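The residues making up each chain are set out below.
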Amino acid sequence: MSEVVTRLTPHFEQLKKRLPQGFESSLVLPCLRRIQEERGYVADEDIAALTAYIGVPRMQIEQVLSYYTQFRRKPVGRWHLQVCHNVTCSMRGAERALDMLQKRLHIKPGQTTADGRFTLSTVECLGSCGTAPVVMVNDTYHENLNGMKLDALLESLK
Ligand code: FES
């Protein structure tokens, strides 16, 4: 049983009241978002508990988790740096930014620094192509990045 899902069930009940009967599967996305806010990521036990609570196949929850890159399946560092490496950002220097972050943090995408401060990820388009290249740090976008701005950004992350 997931303590997080148990704790959030009153909130989920409020969400459920807003839905017409038969549309319970629409709870998957908002419930997952709330779980991630609470725990920091979505654990296997959360998926099992949510499957039972909503009454949808586990595969449906897994599909939502794999489609939306903002969902995490394991803990991340205090600062989660997500580097967009889609076409526009790549054309405007995303690979250089990623190289620089890897060298400065001594980790590769998907890894967390030994002190737990930084996790580095690559993501597809963050929807801010006009201000490429873009790195998302936790919930904040950092746009039009260059080497100097990345240096200043890392210095600001304590
Ligand atoms: S390609 Fe990076 S924000 Fe769209």
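What you are looking at is a predicted structure, and each value in this text was computed from that prediction instead of being measured. (Residues numbered from 1 in each chain as written. Predicted model: local features only at pLDDT ≥ 70, side-chain atom pairs only at ≥ 80, totals over all residues.)

1. Comments concerning the overall build of the protein chain
Put simply, the rule is: By the criteria applied, helices consist of DSSP H or I runs no shorter than four residues and strands consist of E runs no shorter than two, each listed in order from the N terminus. With C-beta atoms placed from the backbone, a residue is buried if 20 or more other C-beta atoms are within 10 Å of its own, exposed if 12 or fewer are, and partly exposed between those counts. Any two residues are considered in contact once their C-beta atoms, placed from the backbone, lie within 7 Å.
Regarding its fold elements, the protein chain presents seven helices and four strands. The linear arrangement of helices and strands in the protein chain, starting from the amino end, is α-α-α-α-β-α-α-β-β-β-α. For the protein chain, buried positions account for 23% of its 158 residues. The contacts in the protein chain between residues at least 6 apart in sequence include a share of 62% that link residues at least 24 apart.

2. Overview of the sheet that holds strand S1 (residues 79–84)
Inclusion rule: When DSSP finds two or more bridges between a pair of strands, those strands are recorded as paired. Angles here are taken between N-to-C directions and fall from 0 to 180 degrees, while the axes themselves are lines fitted to C-alpha atoms, restricted in helices to the stretch in contact.
Ordered in space as S2-S1-S3-S4, the four strands form an open sheet in which the pairing is mixed. Each edge of the sheet is formed by a strand with only one pairing partner; in this case those strands are strand S2 (118–123) and strand S4 (140–142). Here the average twist between neighbouring strands, direction ignored, is 25 degrees. The sheet contact formed by strand S3 (residues 135–137) and S4 spans three bridges and is antiparallel. Paired with Val137 across the two strands is Thr140, which belongs to S4. Across the sheet, helix H6 (residues 94–105) lies against S1, S2 and S3, angled at about 150 degrees from S1, the strand it touches most.

3. Looking at helix H2 (residues 28–39)
To keep it simple, the criterion reads: Each residue after the first adds 1.5 Å to the expected span of a helix. Directions from the helix axis toward the C-beta atoms define the arc.
Helix length check: H2, at twelve residues, gives a terminal C-alpha distance of 16 Å against a target of 16 Å (1.5 Å per residue), a fit within 8%. Among the residues making up H2, those that are buried are Cys31, Leu32 and Ile35. Angular distribution of buried residues about the axis of H2 spans 100 degrees; they occupy a single face of the element. Among the residues trailing H2, Gly40 stands out with phi positive, at a value near 100 degrees.

4. With respect to the nonpolar core
Rules: In these notes, a nonpolar core means any group of buried Ala, Val, Leu, Ile, Met, Phe, Trp, Tyr and Cys residues linked to one another through C-beta atoms within 7 Å.
Core analysis: the biggest nonpolar cluster contains 18 residues, and Leu81, Val83, Ala97, Val134 and Val135 have the highest contact counts within it. Setting aside residues no more than four positions away along its own chain, Leu81 makes contact with Leu101, Phe118, Thr119, Leu120, Val135 and Val137. Leu27, Ile35, Val42 and Ile61 belong to the second largest nonpolar core, which has eleven residues in total.

5. So, unusual backbone geometry
Omega for the bond connecting Ala132 with Pro133 falls within 30 degrees of zero, at 0 degrees, which places this linkage in the cis form. Looking at where Pro133 falls in the secondary structure, it is placed in the loop between S2 and S3. Of note, the phi angle at His106 is positive, near 60 degrees, even though the residue is not glycine. Turning to its location among the elements, His106 is positioned in the loop between H6 and S2. For Asn138, which is not a glycine, the phi torsion comes out positive at approximately 50 degrees. With respect to the helices, strands and loops of the structure, Asn138 is situated in the loop between S3 and S4.

6. Points about the environment of Ser128
Turning to its location among the elements, Ser128 is positioned in the loop between S2 and S3. On the neighbour-count criterion, Ser128 (17 C-beta atoms within 10 Å) is partly exposed. Each C-alpha atom, one on Ser128 and one on Thr88, is 9.3 Å from the other, the two residues being 40 residues apart in sequence.

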